Amino acid sequence: CFLFFFFSSRRRHTRQRSVSWARRCVQETGINAEYMGILKRIMEKRVFNFSAGPCCLPMEVLKEAHDDMFNYKGTGMSIMEMSHRNKEYAKVWNNARDGFRKLLGIPAEYQIFFMQGGASLQFSGVPMNLLGEKKSANFLVTGVWSDKAASEAANLCKVNRVWTEPPKQYYSIIGADKWKIDPEAAYFHYCSNETINGLTYYDFPYSAVPA
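Residues numbered from 1 in each chain as written. Predicted model: local features only at pLDDT ≥ 70, side-chain atom pairs only at ≥ 80, totals over all residues. Heavy atoms only, no water.

Visitor: Help me out: how do you make sense of the overall build of the chain in this one?
Guide: Secondary structure summary: the chain contains 7 helices and 5 strands in total. Listing each helix as α and each strand as β along the chain from the N terminus yields α-α-α-α-α-α-β-α-β-β-β-β. Within the span of the chain, comprising 211 residues, buried residues form 23% of the whole. The contacts in the chain between residues at least 6 apart in sequence include a share of 47% that link residues at least 24 apart. Roughly 15,400 Å² of accessible area belongs to the chain as shown, and the carbon and sulfur atoms make up 57% of that amount. (Helix = DSSP H or I, 4+ residues; strand = E, 2+ residues; numbered from the N terminus. Buried < 20%, exposed > 50% of the residue type's maximum accessible area, 1.4 Å probe, protein only. Contact = heavy atoms within 4.5 Å. Areas by Shrake-Rupley, 256 points an atom, 1.4 Å probe, with all protein chains shown as cover.)

This is how it looks when you write it as structure tokens:
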């Protein structure tokens with residue numbers, strides 16, 4: 001709430017700065033006057049989102065995405081209209097795959113899959129891949145996301161909630177010495193950043209979890 005009221009009170013000043021910044025970007029990049037007019041009108045009404053999910057993007061990024069949505073790299077079509085077998089689209093996929101491999105240091109003997117569903121899909125994907133021959137998994141439930149993960153995993157295995165507070169009352173996290181961990185469980189699941197409830201782990205006690 002504090003942030004909301006703070007930015008609301010600075011709204012006019014912030015928009016004026018944004019328009020000035022947009023004008024400078026246009027001058028430096030050589031965008032025509034017509035587009036400058038459109039950009040100015042957009043910036044005057046632009047809202048700056050500081051929420052936990054999607055957030056502000058640089059205008060240069062939005063401009064490139066805008067152009068590619070109509071004519072991707074001179075192909076004469078939007079990237080949304082391309083076949084997934086198209087050579088230009090294949091370059092996008094390959095560049096993303098190679099970027100992930102380099103960023104995360106993924107060895108060549110491992111494949112990278114792009115899947116729909118976001119993180120919530122992995123609430124079932126994780127137990128499907130990590131359970132192996134075992135029948136249970138440990139879950140530290142500290143908010144909405146870890147609760148959803150535990151509930152989904154319960155369809156596939158026995159879920160051992162090592163500690164929970166009453167439903168939707170996540171105000172703190174008790175010490176690891178009070179966790180009731182199943183030593184025979186296949187894995188230990190926790191959410192390091194509960195964006196809805198606001199609990200964050202900065203230094204997780206890994207030594208408390210059986211190897």
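There's more to say after this.
Visitor: Is there a simple way to explain the confidence of the model for the chain in this structure?
Guide: Any residue range with low pLDDT should be treated as having predicted coordinates unsuitable for detailed reading. Here the chain averages 81 in pLDDT, while 78% of its residues score no lower than 70. Element-level pLDDT for the chain is lowest in helix α1 (residues 2–9), with a mean of 33, against a maximum mean of 96 in strand β1 (residues 136–140). Contacts from residues 1–15, a stretch scored under 50 in pLDDT, to residues over four places away or in other chains number 6 contacts. (pLDDT = per-residue confidence, 0-100.)

Visitor: I tried to follow the pairing of strand β2 (residues 158–163) on my own but got confused; where do I start?
Guide: Along any regular strand the residues' side chains alternate between the sheet's two faces. Where β1 meets β2, 5 bridges bridge the pair, whose relative direction is parallel. Among the inter-strand pairings, Asn-138 is bridged to a residue of β2, identified as Asn-160. Each parallel crossover has a hand, and the one from β1 via helix α7 (residues 144–153) to β2 is right-handed. (Pairing = 2+ DSSP bridges. Right-handed = clockwise from strand over helix to strand, strands pointing away.)

Visitor: In this structure, what is going on with the sheet that holds strand β3 (residues 188–190)? I would like to understand it.
Guide: Hydrogen bonds between backbone groups are what pair the strands of a sheet, and the pairing can be parallel or antiparallel. Here 3 strands make up an open sheet; going across it, the order is β2-β1-β3 and the pairing parallel. At either end of the open sheet lies a strand with only one pairing partner, and these are β2 and β3. Looking at each pair of strands side by side, their axes are set apart by 30° on average, direction ignored. Pairing of β1 with β3 involves 3 bridges; the strand directions are parallel. When the bridges of β3 are listed, Phe-139 appears paired with His-189. (Axes fitted to C-alpha atoms, helices over the stretch in contact; angles between N-to-C directions.)

Visitor: For this particular structure, what's the right way to read a nonpolar patch on the surface?
Guide: On the surface, a nonpolar cluster with roughly 530 Å² of combined accessible area is contributed by Trp-93, Phe-100, Leu-103, Leu-104 and Phe-114. Relative to the helices and strands, Leu-104 is located in helix α5 (residues 87–104). On the basis of relative accessible area, Leu-104 is assigned to the exposed category, the value being 56%. (Patch = residues over 30% accessible without salt bridge, like charges linked within 9 Å, V, L, I, M, F, W, Y side chains within 5 Å. Salt bridge = Lys/Arg side-chain N within 4 Å of Asp/Glu carboxyl O.)

Visitor: Explain the packing of helix α6 (residues 118–130) against α7 to me, please; I cannot follow it from the model alone.
Guide: A pair of packed helices can be characterised by two numbers: the angle between their axes and the separation between those axes. The N-to-C vectors of α6 and α7 enclose an angle of 45°; their axes lie 9 Å apart at closest approach. In terms of their interaxial angle, α6 and α7 are classed as oblique. Two packed elements cross with a definite hand, and for α6 against α7 that hand is right-handed. Every residue of α7 that contacts α6 at Ser-120, Phe-123, Ser-124 and Pro-127 is listed here: Trp-145, Lys-148, Ala-149, Glu-152 and Ala-153. Among the residues making up the contact of α6 with α7, the classes are represented as 5 nonpolar, 2 polar and 2 charged. (Parallel < 35°, antiparallel > 145°, perpendicular 65-115°, else oblique. Left-handed = near helix turned anticlockwise from the far one by under 90°. Nonpolar A, V, L, I, M, F, W, Y, C, P; charged D, E, K, R; others polar.)

Visitor: Would you explain the pattern of salt bridges in this entry?
Guide: Pairing is possible between side chains that carry opposite charge, provided their charged atoms lie close to one another. Applying the stated rule across the entire model yields 5 salt bridges. Note that Lys-91 and Glu-88 form a salt bridge whose closest N and O atoms lie 3.5 Å from each other. Of the two residues, Lys-91 and Glu-88 both sit in helix α5, 3 residues apart, roughly one turn of that helix. Asp-98 serves as the salt-bridge partner of Arg-97, at 3.1 Å between the closest nitrogen and oxygen.

Visitor: Help me understand the packing of aromatic side chains in this model?
Guide: Each aromatic ring pair is summarised here by two numbers: the centre-to-centre distance and the angle between the ring planes. Scanning all chains against the criterion turns up 11 aromatic pairs. Note on Phe-100 and Phe-114: the rings are 5.9 Å apart at their centroids and 55° apart in plane angle, and the pair reads as tilted. With Phe-100 in helix α5 and Phe-114 in the loop between α5 and α6, the pair connects residues that are 14 residues apart, well separated along the chain. With a centroid separation of 5.1 Å and an interplanar angle of 75°, the aromatic rings of Tyr-201 and Phe-204 are classed as edge-to-face. We note that Tyr-201, like Phe-204, is buried. (Phe/Tyr/Trp six-rings, centres within 6.5 Å; stacked < 30°, edge-to-face > 60°.)

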